[in-house]
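Commentary on secondary and tertiary structure
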Amino acid sequence: MSKTTTTKQTPQNPAQRIQKPDKSGIEKAATGIAGFDDITFGGLPRNRPTLICGGPGSGKTLFGLEFLARGITEHGEPGVFVSFEETEEELAKNVKSLGLDLPDLIAKKKLVIDTLRVDREDYLETGDYDLGGLFIRVGCAIDSIGAKRIVLDSMEALFSGLTDHMRLRSEIHRLFLWLKDKGVTAIVTGESIEPSGKTREGLEEFISDCVVYLDHRVNDTISTRRLRITKYRGSFHGTNEYPFMIDESGICVLPVTSLNLTYKASTERVSTGIASLDGMLGGKGYYRGSSVLVTGTAGSGKTSVGAHFIHAASRRGERCLMWSFEESESQIVRNMRSIGIDLEPSIKAGSLKILTSRPQIFGLEMHLGIIHKEINAFAPKCICIDPVSNFIGAGTVSETKVMLTRLVDLTKSKGITTIMTYLIRGGMPAETTDAGVSSLMDTWIVLTDPEFNGERNRILSVLKSRGMPHSNQMREMLLTSHGVELIDPYLGPSGAVTGAARKSLEASEKALAVEWEIKLLRKKKDLENSRDLTEARIKMLRSRLQTQEQSLQLEISQAKSLEQVKVEDRTRMGATRSSAPDHKPQEQR
Amino acid sequence: MKPGSDRSEVWELFLYIAGETPRSVIAFQNLKDICNTHLAGRYTIEVIDLVKNPTLAEIDQIVAIPTLVRKLPKPVRKIIGDLSNTEKTLIDLQVRPAKLKNATQKDHRDAS
């Protein structure tokens, strides 16, 4: 009855609910370990014990130490490290190379390292006992510095030191309850056994709040560290296996899910470094912050396209990073100089940094982590990775894809324009990548160098370029002493042609044109000739006509003068007759 | 020379407890009984209460309570528990039992 009343009342009293902790229910203590707080949405459960289990060398102790050290330096929470295995000096030495200065923290009274050696040789058991001594020591250590965090590394040593495990279990259980009461966030480490992944002494049963599993797996001679949260009572958490790495700054967990598609898309454009390629990409080049994939078979000029971009950007004064997994720095500089790209001034000026390594030297996560760190340290605007396909050598294809996804997300979230080259294996279609990374990319430039007519010619085409009009043409790419040149497509009667074929076709077409010209010239001449002839003929005819006219005129004038003579004669004769019978003309009638 | 073989030796014993708990009272009583029976007149017992002096726990690497530490004769031995098993305690402490208790003079060290 009372229950129903309560439930009815709850909605009427929302203030009470709000006062309670948020939906995830529990307060968390940030570990400060890079990436871990992301996947746990805040860190470890505060004031509760967490079990960190894993095989030997999986990084349990380091996890604990970093949890304490970062707690001190970043969150102002002093910590106690109870070591059942290693001494203070050993621990300090072990983590010094990882950037943790334990003696300093101890000197500042922020950290207490208590070494508890429990050897079976030392202890003889007679009758009933409890772990009061441990409680007192831990309590003493906690109180001496006001510790908020504690690490017990590793509890299992107690099991090997003491024979009464039943007693031990109940004591450990009591210890955890006591630590909760003391208000300290605890990490307990435990060694897990393959293949179950359970700890040897079943510490899981005591620690019901949070269990983190560390793994160190070797895949094809390359080892990868992984971390998984198998349990986190009362809280959301990432459930995947997250790769992590241990380097000079400690543990770095690389979550995929903490990266998401929320980055801002820039409308700024950035030149490809090749004027004619800019032309193919709407005249302006790539988008700032986009990722560009350049695929191509061996020797198709991928590095050159990438180097052009980096060169142009670094000359503009933008900070650029270039990773090479195939060539050394001096080799790149030398080779690029042969096509008129001098990277050296940029390197000297500090705007370009070339990093080289063999991909097989580390696992993928380590690579990603290194890239991550370099990006954070150097803050580049543009990066070039040449080639990403080599990562397949450092992991499986699917791992590579995941890694590249994270890499693209990383660079995009930081607004870095990224150009990645990808080697296509011979015989594969040019429009594929083994790792299927093309869908991640904004712009995809395909380079091929097909064999035709006894020669290979490089052809560049833009397969896709999101958000911009781009050329659909295949362009012949020439590597000249002054850089990459894209030749306008030569479209002959039998389609686009390249190389020698283009040249011969161009030549034959030129010959054809010359021939035409000669023909025309001849025709012109012919016409002129016939015009001359015709005109001469016209002249002749005209003169003949004239002659005829003249002779006619002559005849007419002759006839006229003859008539005149006749008239004159008659007149004269008439005059002669009238001198005699002149007065009698009437008589004649 | 086996410990305990010299009858003139002084046994220096430290008993670590944490407060006056029933278990520590039992342990002290058991220890006293054993010493009185087998080491009469040649022993000292110092009871260290870690609740009062918590820092002392570190010196002898005390984990369990109660812990009996035999400082002398050398070497140092640690026995944890309430010492309710007299037989085992004697063996662990390498105390040659008094004649009235045990006739066999066999050294039990190996058995322990």
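Position numbers for residues count from 1 along each chain, tracking the sequence in the order it is written. The order in which chains are written sets their letters, starting at A; the order in which ligands are written sets their numbers, starting at 1. In keeping with the model being predicted, local features are shown solely for residues with a pLDDT of at least 70 and side-chain atom pairs are shown and tallied solely at 80 or more, while totals for entire chains, interfaces and linings include all residues. Neither water nor hydrogens contribute to the side-chain values; these are computed over all heavy atoms in the structure.

Side note on the overall build of chain B
Here a helix means four or more residues in a row that DSSP labels H or I, a strand means two or more in a row labelled E, and each is numbered from the N terminus. For chain B, the count of helices and strands is two helices and four strands. Contacts between residues were defined by any pair of non-hydrogen atoms, one from each residue, lying within 4.5 Å. The long-range fraction of contacts in chain B, counting pairs at least 24 apart against all pairs at least 6 apart in sequence, stands at 64%. For chain B, the accessible area works out to roughly 5800 Å², and carbon and sulfur atoms hold 54% of it. Surface accessibility follows the Shrake-Rupley procedure with a 1.4 Å probe radius. Residue values consider only the protein chains on display as shielding.

Overview of the sheet that holds strand β19 (residues 417–423) of chain A
Residues and elements named next belong to chain A. Pairing between strands is defined by DSSP: at least two bridges between the two strands are required. In spatial order, the strands read β17-β16-β18-β19-β15-β20-β23-β24-β25; together these nine strands make up an open sheet with mixed pairing. This sheet does not close on itself; its edge strands, each paired only once, are β17 (352–356) and β25 (483–487). Each strand axis lies, on average, 20° off the axis of its neighbour in the sheet, ignoring direction. Where strand β24 (residues 475–480) lies against β25, five bridges are found, and the strand directions are antiparallel. Geometry is summarised by axes, namely lines fitted to C-alpha atoms with helices restricted to the contacting stretch, and by angles between N-to-C directions that run from 0 to 180 degrees.

Observations regarding the interface of chain B and chain A
By a widely used convention, the size of an interface equals the accessible area lost when the partners come together. With 26 residues of chain B in contact, the opposing surface of chain A contributes 24 residues. When two parts are brought into contact, each loses some accessible area as probed by a 1.4 Å sphere; the total of that loss over both is the buried area. Of the roughly 2000 Å² buried between chain B and chain A on both sides combined, carbon and sulfur atoms contribute 57%. Counted as salt bridges are all cases of a side-chain nitrogen of Lys or Arg within 4 Å of a carboxyl oxygen of Asp or Glu. Here chain B and chain A share two salt bridges between them. Here R23 of chain B ties to D130 of chain A by a salt bridge, and the two come within 2.6 Å at their closest N and O atoms. Elements with a minimum of two residues in the side of chain B that touches chain A: β4 (77–80) and α2 (86–93) of chain B. With four residues, β4 of chain B is the single largest residue contributor to the side of chain B that touches chain A. By residue class, the composition of the side of chain B that touches chain A is 13 nonpolar, six polar and seven charged. For this classification, the nonpolar set comprises Ala, Val, Leu, Ile, Met, Phe, Trp, Tyr, Cys and Pro, the charged set comprises Asp, Glu, Lys and Arg, and every other residue, Gly included, is treated as polar.

So, the nonpolar core
All names here are of chain A. Within the largest apolar cluster, 41 residues are counted, with the highest numbers of intra-cluster contacts made by F84, I150, L152, L158 and L179. With six residues, helix α7 (residues 132–145) is the largest single contributor of residues to this core. Those residues in contact with I150, other than ones at most four positions away along the chain, are F67, L68, V80, V82, V138, I142, L179, V184, T185, A186 and I187. Residues belong to a common nonpolar core when they are buried Ala, Val, Leu, Ile, Met, Phe, Trp, Tyr or Cys residues joined through side-chain atoms within 4.5 Å. Think of it in three bands: residues with accessible area under 20% of the maximum for their type are buried, residues over 50% are exposed, and the middle band is partly exposed, with areas taken using a 1.4 Å probe on protein chains only. Counting 36 residues, the second largest nonpolar core, distinct from the first, contains L98, V212, Y242 and I251.

A look at unusual backbone geometry
The peptide bond linking D386 of chain A to P387 of chain A adopts the cis configuration, its omega dihedral lying at -15°. Inspection of the secondary structure puts P387 of chain A in the loop between β18 (382–386) and α15 (397–413). Here the bond from I65 of chain B into P66 of chain B is cis, since omega is -5°, no more than 30 degrees from zero. If you trace the backbone, P66 of chain B turns up in the loop between β2 (43–49) and β3 (67–72). For F41 of chain A, which is not glycine, the phi torsion reads 55° and is therefore positive. Note that F41 of chain A resides in the loop between α3 (36–39) and β2 (44–45). Given a relative accessible area of 55%, F41 of chain A falls into the exposed group. Of note in the backbone geometry, K109 of chain A takes a positive phi value of approximately 60° without being a glycine. Its location among the elements puts K109 of chain A in the loop between α6 (102–107) and β5 (111–115).

Focus on the state of the cysteines
All names here are of chain A. By convention in this document, the label disulfide applies to cysteine sulfur atom pairs within 2.5 Å. For the structure on display, the rule yields zero disulfides over all chains. Counting only cysteine sulfurs, C320 is the nearest neighbor of C384, a cysteine outside any disulfide, at a range of 9.5 Å. By relative accessible area, C384 is classed as buried at 0%.

Considering the packing of aromatic side chains
All names here are of chain A. Any pair of Phe, Tyr and Trp rings, taking the six-membered ring for Trp, is counted once the centres come within 6.5 Å. Such a pair is stacked with planes under 30 degrees apart, edge-to-face with planes over 60 apart, and tilted for the rest. Evaluated as defined, the whole model comprises four aromatic pairs over all chains. Taken together, a centroid distance of 4.8 Å and an interplanar angle of 65° make the contact between F325 and F391 edge-to-face. In this pair, F325 sits in the loop between β16 (320–324) and α12 (329–337) while F391 sits in the loop between β18 and α15, placing the two residues 66 residues apart along the sequence. Each member of the pair F325 and F391 is classed as buried. Two limits define a charge over a ring: the Lys NZ or Arg CZ must be within 6 Å of the ring centre, and within 35 degrees of the ring normal. Between the NZ or CZ atom of K519 and the centre of the ring of W516, over which it lies, the distance is 5.5 Å.

Describing the side chain of S314 of chain A
Here S314 of chain A is to be found in helix α11 (residues 302–315). Once you skip the residues sitting within four places of it in the chain, S314 of chain A turns out to touch C320, S346, S351 and L352 of chain A.

Remarks on the sheet that holds strand β1 (residues 11–17) of chain B
Spatially, β6(A)-β4(B)-β3(B)-β1(B)-β2(B) is the arrangement adopted by the five strands of the open sheet, whose pairing is mixed. The open sheet has two free edges, formed respectively by β6 (123–125) of chain A together with β2 of chain B, since each of these has just one partner strand. When the angles between neighbouring strand axes are averaged without regard to direction, this sheet yields 25°. In this structure, β6 of chain A lies alongside β4 of chain B, joined through three bridges in parallel fashion. For Y123 of chain A, the partnering residue across the bridge sits in β4 of chain B and is K78 of chain B. Each of β1, β2 and β3 of chain B touches helix α1 (residues 22–38) of chain B; the most contacted strand, β2 of chain B, lies at about 175° to it.

A short note on the packing of helix α14 (residues 364–378) of chain A against α15 of chain A
Residues and elements named next belong to chain A. It is at 10 Å that the axes of α14 and α15 come closest, and there the two elements cross at 10°. In terms of axis orientation, α14 runs roughly parallel to α15. Seen from α14, the contacting residues are L364, E365, H367, L368, I371, H372 and I375; seen from α15, they are E399, T400, M403, R406, L407, L410 and T411. Looking at the contact of α14 with α15 residue by residue, the class counts come to seven nonpolar, four polar and three charged. We call two directions roughly parallel when the angle between them is under 35 degrees, roughly antiparallel when it is over 145, roughly perpendicular when it lies between 65 and 115, and oblique otherwise.

Comments concerning α12 of chain A
Residues and elements named next belong to chain A. All of the buried residues in α12 are I332, V333 and M336. Angularly, the buried residues of α12 cover 100° about the axis, an arc narrow enough to put them on a single face. Exposed side of α12, more than 90 degrees from the buried face: S330 and R334 are the residues found there. Where the residues of α12 are buried, they touch α11, β16, α13 (344–349) and β17. Note that the arc is defined by the directions from the helix axis to the C-beta atoms.

What to know about the pairing of strand β12 (residues 250–253) of chain A
One ladder, built from four bridges, connects strand β11 (residues 241–247) of chain A with β12 of chain A; its direction is antiparallel. In the sheet register, M245 of chain A faces β12 of chain A, and the bridge partner there is C252 of chain A.

Quick word on the confidence of the model for chain B
Residue and element names in this part refer to chain B. Known as pLDDT, the predictor's confidence for each residue is given on a scale from 0 to 100. Taken residue by residue, chain B gives an average pLDDT of 76. The fraction at 70 or more is 79%. Note that pLDDT drops below 50 for residues 101–112; the model gives that stretch 10 contacts with residues more than four away or on any other chain. Two summary scores accompany this predicted model of the complex, namely pTM at 0.65 and ipTM at 0.78.

A closer look at the confidence of the model for chain A
Of the residues in chain A, 89% have a pLDDT of 70 or more, and the chain-wide mean is 82. Low pLDDT (under 50) marks residues 1–22 of chain A, which in the prediction has one contact with non-local residues, meaning those over four places away or in another chain.

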